[in-house]
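The chain contents come next:
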Amino acid sequence: MVSYKELGLVNTKELFKKAFEGKYAIPAFNFNNMEQLQAIISACVEERSPVILQVSKGARAYANETLLRYMAQGAVEYAKELGYNIPIVLHLDHGDSFELCKACIESGFSSVMIDGSHLPYEENVALTRKVVEFAHAHDVTVEGELGVLAGVEDEVSAEHHTYTRPEEVEDFVKKTGVDSLAISIGTSHGANKFKPEQCTRNAEGRLVPPPLRFDILEEVEKRIPGFPIVLHGSSSVPQDDVDTINKYGGALKDAIGIPEEDLRHATTSAVCKINIDSDARLAMTAAVRQVFATKPAEFDPRKYLGPARDHMKALYTHKVKNVLGSAGKA
Ligand SMILES: O=C(CO)COP(=O)(O)O
Ligand SMILES: O=C[C@H](O)COP(=O)(O)O
Ligand SMILES: [Zn+2]
Ligand SMILES: [Zn+2]
């Protein structure tokens, strides 16, 4: 058993309390490789922002769970080396079993998500409760989820997602003892968050997404006042990166995300954690494609992964400074 405390990591408790009171959100950025981790940490250190490093099941399979964990744990030292000791959470994203959550807790994660949102309600409660009991014995915080996000990556079609039912949240939080709750109010995973037919078009012919269900969020807040809420699927899908990708041979069609204005609005509510992954994937892909297309003789990976890292860093900086409001809060 490795305790996250010995590694200099923190859980989400204090961070969410401050984020709630200060009306900002903690960034939760997924990472799968070294350049991405460097970009996240250097951006957050420079901006003095706390950060949640998220590791998905897919990331553990891709990068090797042990290697990835040591990288995230090493980020604490890396941040200090860069000159500032920001609070860093190591979080399991979309944990799908008790065993996976337990393994992460025992290897030094400070926070886990148990995503039982696809299960019948009582099974979600039971599984989440079981994870909470184990996690809290180690002072690890737990995120649960109610409601199913739409999205290609979840294999849930736009028609088959379910918004969070506000009438369930109080019972769920009470019975499970979770520390935060992910809800479904219209965000979704990936770079195609809405179908064109759900959108309108602006004067330039760009898709304009339908509004998020802030009414559901408000209803949730009334029922569990002061309780930290999490938004998944919160990439904004920057159109300049989509255009760069398509200009240099990519084929992203109808890519559309959550307007940053909506995220800014969410930060002033009980939303304390905002998950962003796809935007960094787009930033990385755009930068790599640009180098490949404009410097075809280049074959040193540092010459394309370096620009990709710079471009991701600019994205993370923008998010913490101009969208989530977490800059200066570390
Ligand atoms: O929710 C996420 C990770 O859990 C990421 O969402 P995006 O696909 O919108 O970046
Ligand atoms: O929730 C989805 C995250 O973007 C992680 O995605 P992944 O499972 O492909 O690593
Ligand atoms: Zn889910
Ligand atoms: Zn998610």
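Residues numbered from 1 in each chain as written. Chains lettered and ligands numbered in written order. Predicted model: local features only at pLDDT ≥ 70, side-chain atom pairs only at ≥ 80, totals over all residues. Heavy atoms only, no water.

Novice: Sorry if this is basic, but what is going on with the coordination of the zinc ion (ligand 3) here?
Specialist: Ideal geometry at a metal centre gives angles of 109.5 degrees when four donors are arranged tetrahedrally and 90 or 180 degrees when six donors are arranged octahedrally. Taken together, Asp115 (OD) and Glu145 (OE) make up the protein donors of the zinc ion (ligand 3), found 2.3 to 2.6 Å from the metal. With Asp115 in the loop between β4 (111-114) and α6 (121-136) and Glu145 in strand β5 (residues 141-146), the pair connects residues that are 30 residues apart, well separated along the chain. Here Asp115 matches Glu145 in class, with each residue buried. (Donors = N, O, S within 2.8 Å, 3.2 Å for Na, K, Ca; no water. Helix = DSSP H or I, 4+ residues; strand = E, 2+ residues; numbered from the N terminus. Buried < 20%, exposed > 50% of the residue type's maximum accessible area, 1.4 Å probe, protein only.)

Novice: When you look at the state of the cysteines in this model, what are you seeing that I'm missing?
Specialist: What makes a disulfide is a covalent bond joining the sulfur atoms belonging to two cysteines. With the rule as written, the count across this model stands at zero disulfides. Unpaired in this structure, Cys101 has its nearest cysteine sulfur neighbour in Cys104, at a distance of 6.9 Å. Residue Cys101 is classed as buried on the basis of its relative accessible area, which comes to 1%. Its relative accessible area of 0% is what places Cys104 among the buried residues. (Disulfide = S-S within 2.5 Å.)

Novice: Quick question: what am I supposed to make of the coordination of the zinc ion (ligand 4) here?
Specialist: Note on the zinc ion (ligand 4): its protein donors are His94 (NE2), His189 (NE2) and His232 (ND1). The metal-donor distances range over 2.1 Å. Going along the chain, you hit the donors of the zinc ion (ligand 4) in the pattern H-x94-H-x42-H. Of the two residues, His94 is situated in strand β3 (residues 88-95) and His232 in the loop between β9 (229-231) and α9 (239-247); the sequence distance between them amounts to 138 residues. Residue His232 is classed as buried on the basis of its relative accessible area, which comes to 1%.

Novice: Would you mind going over the UniProt feature "active site" (unreviewed entry) in the protein chain with me for this structure?
Specialist: When the UniProt feature table is mapped onto this chain numbering, "active site" (unreviewed entry) sits at Asp93. Looking at the secondary structure, you find Asp93 in strand β3. Residue Asp93 is classed as buried on the basis of its relative accessible area of 5%. Beyond its immediate chain neighbours, meaning those up to four positions away, Asp93 contacts Asn30, Gln54, Val55, Ser56, Lys57, Met113, His232 and Asn275. At 3.0 Å, the side chain of Asp93 forms a polar contact with the side chain of Asn30. (UniProt positions renumbered as here; feature names shortened; annotations may be inferred. Contact = heavy atoms within 4.5 Å. Polar contact = N/O pair within 3.5 Å; in protein donor to acceptor, adjacent residues only side chain to side chain.)

Novice: Mind showing me how you'd approach the packing of α9 against helix α11 (residues 278-294) here?
Specialist: For any two helices packed against each other, the geometry comes down to the angle between their axes and how far apart the axes lie. Here α9 crosses α11 at 35°, and the two axes come no closer than 8 Å. Pair α9 / α11 crosses with left-handed handedness. Contacts from Asp241, Thr244 and Ile245 of α9 reach α11 at Leu282, Ala283, Thr285, Ala286, Arg289 and Gln290. Of the residues contributing to the contact of α9 with α11, the split by class is four nonpolar, three polar and two charged. (Axes fitted to C-alpha atoms, helices over the stretch in contact; angles between N-to-C directions. Left-handed = near helix turned anticlockwise from the far one by under 90°. Nonpolar A, V, L, I, M, F, W, Y, C, P; charged D, E, K, R; others polar.)

Novice: Explain the sheet that holds β3 here, please?
Specialist: The strands that make up a sheet are held in pairs by hydrogen bonds between backbone atoms, and each pair lies either parallel or antiparallel. The parallel closed barrel is built from eight strands, whose spatial order is β1-β2-β3-β4-β5-β6-β9-β10. The sheet shows a mean angle of 25° between the axes of neighbouring strands, taken without regard to direction. For β3 and β4, the ladder comprises three bridges, and the chain directions are parallel. In the strand pairing of β4, Gly95 is matched with Ile114. Across the sheet, helix α1 (residues 13-22) is in contact with β1 (26-30), β2 (51-56), β3, β5, β6 (180-183) and β10 (271-276); its angle to β10 comes to roughly 110°. Docked against the sheet, α6 engages β4 and β5, running at close to 175° with respect to β5. (Pairing = 2+ DSSP bridges.)

Novice: So what exactly am I meant to see when it comes to the site of ligand 1 here?
Specialist: Taken together, 16 residues are adjacent to ligand 1, and Asp93, Lys193, Ser235, Asp277 and Ser278 come closest. Within the side chain of Ser235, an N or O atom sits 2.6 Å from an oxygen atom of ligand 1. Between ligand 1 and Asp277 there is a distance of 2.6 Å, counted from an oxygen atom to a backbone nitrogen or oxygen. For the shell around ligand 1, the elements supplying multiple residues, two or more each, are β3 and β10. Residue composition of the shell around ligand 1, grouped by class: one nonpolar, twelve polar and three charged. (Near = heavy atom within 4 Å.)

Novice: Which parts of the structure should I look at to understand the site of ligand 2?
Specialist: Around ligand 2, a shell composed of eight residues is seen, among which Ser56, His94, His189, Asp277 and Arg281 lie nearest. Here Ser56 contributes a side-chain N or O atom positioned 2.6 Å from an oxygen atom of ligand 2. A distance of 3.2 Å separates an oxygen atom of ligand 2 from a polar side-chain atom of His94. Coverage of ligand 2 by the protein amounts to 74% of the 310 Å² it exposes when considered alone. A breakdown of the residues in the shell around ligand 2 according to their chemical character gives no nonpolar, four polar and four charged. (Areas by Shrake-Rupley, 256 points an atom, 1.4 Å probe, with all protein chains shown as cover.)

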